[in-house]
Amino acid sequence: MNAYFPKMITLCGMMGCGKSAHGRQLAKQLGRPFLDLDQEIERVFGKAVHAIFAQNGEAAFRAAEREILAKLLFSESAVIALGGGALQDESNARFIRENSILCFIDAPFDSILDRVQRNTRRPLLLNENGTLKTEEEIRNILLSLDQKRRPLYETAQIHFRPHPNAKVWASVKKLIQQIDAHSRKTEN
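Residues numbered from 1 in each chain as written. Predicted model: local features only at pLDDT ≥ 70, side-chain atom pairs only at ≥ 80, totals over all residues. Heavy atoms only, no water.

(A) Fine view of the environment of R97. Counting through the fold element by element, R97 comes out in helix α5 (residues 90-99). For R97 and I9, which are 88 residues apart along the polypeptide, the C-alpha to C-alpha distance reads 9.7 Å. Filtering out sequence-adjacent residues up to four positions away, R97 remains in contact with K7, E90, L102, T155 and Q157. At 3.1 Å, the side chain of R97 and the side chain of E90 are in polar contact. (Helix = DSSP H or I, 4+ residues; strand = E, 2+ residues; numbered from the N terminus. Contact = heavy atoms within 4.5 Å. Polar contact = N/O pair within 3.5 Å; in protein donor to acceptor, adjacent residues only side chain to side chain.)

Have a look at this one:
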């Protein structure tokens, strides 16, 4: 099956859309390594994303994101889950689209909200003291982010809408079909 996927595969989408879950399963089914860009950044900094944002600022985080992503995209073929804001820098987004098959995981908003509203590892959803914002604040943040980032996500070569009740392995089989169709079309 890898013969039809010569490029790196990257996954984008809102926080909580299932990039990591789909990415791990996709990598497993394709026999490739799975890499989470945020985890790679945490490994380099030696601290969690929320701590990087708090102590080093978003600009430092985005600079590290660009540098680490460039290294990953030129390593062996893998599946990479991007952070929710990785496409905000246009040169970064163009570089990703040129050097990978970019897949937008477009999960239903309510599923995303349900997944993230109890997660204390997402810096944008935390108060200054590190506690989670209220459900209404989180909803408003997600709506604002979706409005801002959706046009960026929609530049992906693959637009995938997982069914909210489907098992991840079954959802990934459908994603592989879309990637395969795209790859065959662009090879010809």
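Here the narrative resumes.
(B) Spatial organisation of the state of the cysteines. Scanning the model with the defined rule gives zero disulfides in all. C17 takes part in no disulfide bond, and the closest cysteine sulfur, belonging to C12, lies 7.8 Å away. C103 carries a free sulfur, and the closest cysteine sulfur to it, the one in C12, is 7.9 Å from it. (Disulfide = S-S within 2.5 Å.)

(C) View of the packing of aromatic side chains. Counted by the stated rule, this structure contains three aromatic pairs. Judged by centre distance (5.2 Å) and plane angle (35°), the ring pair of F104 and Y153 falls under tilted. Here the residue F104 occupies a position in strand β4 (residues 100-105), and Y153 occupies one in helix α7 (residues 135-153), the gap between them amounting to 49 residues. Just as F104 is buried, Y153 falls in that class too. (Phe/Tyr/Trp six-rings, centres within 6.5 Å; stacked < 30°, edge-to-face > 60°. Buried < 20%, exposed > 50% of the residue type's maximum accessible area, 1.4 Å probe, protein only.)

Any functional reading would require information that these geometric values do not contain.
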